[in-house]
Amino acid sequence: FMTIKCKKCSTPSIIYQPYSGLHLCEKHFFEDLERKAKLTLRQRYPIRKNDVIAVALSGGKDSSVALLLMHKIFGNRPDIKIIAVTIDEGIAGYRNESIERAKEMTARLGIEHIVRSFSDEYGKTMDAIASEKRLLENHLGDEKKELGACSYCGVLRKKILNKVARDIGATKLVIGHNLDDEAQTIMLNHFRGDVERMVRFSAASELNGFIVRAKPLRKIPEKEVALYAYLHDLPMELTSCPHSFGALRKEVRRMLNGFEVNHPGTKYSLVRGFDNMVPLLASGLAVSDLQNCEICGEPCNDSVCQACKMLEKNVLQS
Ligand code: SF4
Ligand code: ZN
C-alpha cells in the first residue's frame, strides 16, 4: 500500500479532486476550500464595511459549513455582524433534531441565533401543508401534481428568511447551496423550460426589498463540503426529510453525478456557463418592475407573491 502525497507538501493526502487532478492533505484541502469560498464572495457578493450578515442555518452540513466560514473569515471584524437564522418548517422527526444542532453550534461559536417557524408565520406546519397537498392532489389533474412538497417548502422558507433578514437590517443573506445544488437547479430549470424565471430571480436579487443572497459554497462540490463538515465536527444530516426531494431532482442529480465521473468538471462548467448567460439574458428582461404583493406586501414580480399564491389557492382552502 502506497500513500499518495499532497501535491503542495509531502504530507499524506486525504482527498483527490478529479476535476483539478490534485491530491491534497487536510491542511491544504482546508486552504483550497476556504480560498474558493472567499473568491466567490469577493467576485459576486463582496462583503462591505458595516455589513450585517444573516446566515440561513438549517443545521445540516452545508449551512453549518457556510456559517463556520463566515465566522472564520469575518468573525474578528468589529464592524461586521453575523446572525444565524433558522426556519422551523415543522417537520416531525426531522427538523427538530437539526434545530438542536443549530443551537449548539451557534452557542459554541457565540453567534446570535434567531429561530422562526412556519406555524408562527403561516399558521401551518410543513407536515400539515404536505398532507393537505396530498389530499388536494387526489382531486386534481396531473398538471397540478408536478409541484413537489419541496417547491412549497422552498418558496415559503425563502419568504420568511428574506423578511427576517430585512427586519434585522441584514445587508447579505448567506445560503449554503453547494456546487451540486446549483448545477441541479440550473438543469432542472432547463428541463422545465423555466430559465426565464431563474434569470429574473438572479438578476432581481439586488433590487429593493430583496436581501442579496450570497452563496459562498456554490463552486464547491457537495462531497468536499461534507468532508470539510466532517473534519470540523460540524452537524451532518442524520435523518432525511420525510417529504424528500421531487423525483425529477433525484433523476437530475443521478445524471449529473454520472457525467461528473466520466467528465470531471461538468457541474462547474454548467454553473459557470449559466453565470455568463445571466447578464446577457437579463438585459432583455424587464427586471425593474418589482411590485409588492397585494396580500402580504412582500416584494415580488407579480401582483400576488408566489408564497401567497401557494397558500391561498393551491394548498389552504380552509
Ligand atoms: Fe422542505 Fe423538501 Fe427540504 Fe423537506 S426536503 S425540508 S420538504 S425543501
Ligand atoms: Zn499539503
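Preceding this paragraph is the structure being described.
Reading the values: the criteria
Residues numbered from 1 in each chain as written. Chains lettered and ligands numbered in written order. Predicted model: local features only at pLDDT ≥ 70, side-chain atom pairs only at ≥ 80, totals over all residues. Heavy atoms only, no water. Near = heavy atom within 4 Å. Helix = DSSP H or I, 4+ residues; strand = E, 2+ residues; numbered from the N terminus. Nonpolar A, V, L, I, M, F, W, Y, C, P; charged D, E, K, R; others polar. Core = buried A, V, L, I, M, F, W, Y, C linked by side-chain atoms within 4.5 Å. Buried < 20%, exposed > 50% of the residue type's maximum accessible area, 1.4 Å probe, protein only. Contact = heavy atoms within 4.5 Å. Axes fitted to C-alpha atoms, helices over the stretch in contact; angles between N-to-C directions. Parallel < 35°, antiparallel > 145°, perpendicular 65-115°, else oblique. Left-handed = near helix turned anticlockwise from the far one by under 90°.

Here we take up the site of ligand 1. Around ligand 1, the neighbouring residues are Ile91, Tyr94, Arg95, Cys150, Cys153, Arg157, Cys241, His243 and Ser244. By residue number, the principal contributor to the shell around ligand 1 is helix H6 (residues 149-167), which donates three residues. Across the shell around ligand 1, the residue classes break down as five nonpolar, two polar and two charged.

In terms of nonpolar packing, the biggest core is built from 38 residues, with Ile53, Val65, Leu67, Met70, Phe74, Ile82 and Tyr228 touching the most fellow members. Listing elements by their share of this core, those giving two or more residues are strand E2 (22-24), helix H1 (26-44), strand E3 (52-56), helix H2 (61-74), strand E4 (81-88), helix H3 (95-109) and helix H9 (222-231). Once you skip the residues sitting within four places of it in the chain, Ile53 turns out to touch Ile47, Met70, Phe74, Ile80, Lys81, Ile82, Ile83, Lys172 and Val174. Among the nonpolar cores identified, the runner-up in size contains 36 residues, and Phe118, Ala130, Cys153 and Val164 belong to it.

Attention shifts here to unusual backbone geometry. Of note in the backbone geometry, Asn50 takes a positive phi value of approximately 65° without being a glycine. Exposure remark for Asn50: the relative accessible area of 52% places this residue in the exposed category. For Asp233, which is not glycine, the phi dihedral falls at a positive 60°. Along the polypeptide, Asp233 turns up in the loop between H9 and helix H10 (247-262). Exposure remark for Asp233: the relative accessible area of 68% places this residue in the exposed category.

Along the chain, Gly176 falls in the loop between strand E6 (172-174) and helix H7 (179-191). Beyond its immediate chain neighbours, meaning those up to four positions away, Gly176 contacts Asp62, Ser63, Ala66, Asp181 and Leu217.

The interhelical angle for the contact between H2 and H9, taken along N-to-C directions, is 65°, at an axis separation of 9 Å. Compared by their axis directions, H2 and H9 come out roughly perpendicular. Like other packed secondary-structure pairs, H2 and H9 cross with a definite hand, here left-handed. Of the residues in H9, those touching H2 at Lys61, Asp62, Val65, Leu68, Leu69 and Lys72 are Glu222, Val225, Ala226, Tyr228 and Ala229. Of the residues belonging to the contact of H2 with H9, the class tally is seven nonpolar, no polar and four charged.

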